[in-house]
Amino acid sequence: MNDATQQFLQALWQYKPEESYFLIWSKRPDSKRSNWCQTVAQAGAAVEAGRQADLFVGCSLSMMARGPEQRVGNEDAAGIPGVWVDIDIRSEVHQAKALPATAELALQIIPDDIQPTVLVRSGNGLHAWWLFREPWH
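Summary of the structure given here. Model, not experiment: these values are computed from the prediction.

So, the sheet that holds strand 5 (residues 118-121)
Link 1 in the chain: Reading across from one edge, 4-6-5 is the order of the 3 strands in this open sheet, with antiparallel pairing throughout. The sheet is open, and its two edges are formed by strand 4 (80-88) and strand 5, each paired on a single side. Strand-to-strand, the axes of this sheet are offset by a mean angle of 20°, without reference to chain direction.
Link 2 in the chain: Here strand 5 runs beside strand 6 (residues 125-136); their pairing, made up of 4 bridges, is antiparallel.

Shown next, in the form of C-alpha cells:
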C-alpha cells in the first residue's frame, strides 16, 4: 500500500472503536469482493490483493464482518468518520455534459470557508471528506 493510501485510511479510521469493521471493496469486470478490516494494516493487505481492481473504501462502520459479498446498508451502519461528497468530472466514464471538465472547476462548488479535511482524486472525480474528531455513532 502506498503512503498516500495509508495516510488516507489512517485519517478516516484511526479513532474507530477496535471492535468495529470498515470495508475495502474491490470491483473487477467479473466479480466484486468485500474485505472487512479492523485495522489499517488489514486494509493494506486487501489493497495489495486488489491491485488489479477498482478499489473503494466504505464510508460507514459495521459492528460485524458481513462476508465477501455484502456491504453496509443504511440500517446497519454503526458510525461514520465524517461527511463526504463524491464529485464526478466529465471523462470517458462520466460523459454527462452538465459535469465540470476539470478538478479545478469541480472544486469551485466547495465554499472557501469549509475546505475538506481530505481530498481524494479518484481518477474520474473527487471525493471530499470533512472528518470529525472521532467517528459519530
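Some thoughts on the sheet that holds strand 2 (residues 31-37)
Link 1 in the chain: Strand order in the open sheet made by the 3 strands is 2-1-3, with antiparallel pairing throughout. A single partner strand is all that each edge strand has here, and the edge strands are strand 2 and strand 3 (54-57). When the angles between neighbouring strand axes are averaged without regard to direction, this sheet yields 20°.
Link 2 in the chain: The pairing of strand 1 (residues 22-28) with strand 2 spans 7 bridges and is antiparallel. Across the sheet, Ser26 pairs through a bridge with Arg33, a residue of strand 2.
Link 3 in the chain: Relative to strand 3, helix 1 (residues 3-13) is tilted by about 25°, and along the sheet it contacts strand 1 and strand 3.
Link 4 in the chain: In the packing of helix 2 (residues 40-49) onto the sheet, the strands contacted are strand 1, strand 2 and strand 3, and the crossing angle to strand 1 comes to about 0°.

A closer look at the packing of aromatic side chains
Think of a pair of aromatic rings as described by two things: how far the centres are apart, and how the planes are tilted against each other in angle.
Link 1 in the chain: Under the definition given, this model contains 4 aromatic pairs.
Link 2 in the chain: On the numbers, 5.3 Å between centres and 15° between planes, the contact of Trp13 with Phe22 is stacked.
Link 3 in the chain: Judged by centre distance (5.3 Å) and plane angle (35°), the ring pair of Trp84 and Trp129 falls under tilted. With Trp84 in strand 4 and Trp129 in strand 6, this residue pair connects regions lying 45 residues apart in the sequence.
Link 4 in the chain: Judged by relative accessible area, which is 37%, Trp84 ranks as partly exposed.
Link 5 in the chain: An aromatic cluster of at least three residues, connected via ring pairs, comprises Phe8, Trp84 and Trp129.
Link 6 in the chain: Sitting over the ring of Trp25, Arg71 keeps its end group 4.1 Å from the ring centre.

Quick notes on the rules
Residues numbered from 1 in each chain as written. Predicted model: local features only at pLDDT ≥ 70, side-chain atom pairs only at ≥ 80, totals over all residues. Heavy atoms only, no water. Pairing = 2+ DSSP bridges. Helix = DSSP H or I, 4+ residues; strand = E, 2+ residues; numbered from the N terminus. Axes fitted to C-alpha atoms, helices over the stretch in contact; angles between N-to-C directions. Contact = heavy atoms within 4.5 Å. Phe/Tyr/Trp six-rings, centres within 6.5 Å; stacked < 30°, edge-to-face > 60°. Buried < 20%, exposed > 50% of the residue type's maximum accessible area, 1.4 Å probe, protein only. Lys NZ or Arg CZ within 6 Å of the ring centre and 35° of its normal.

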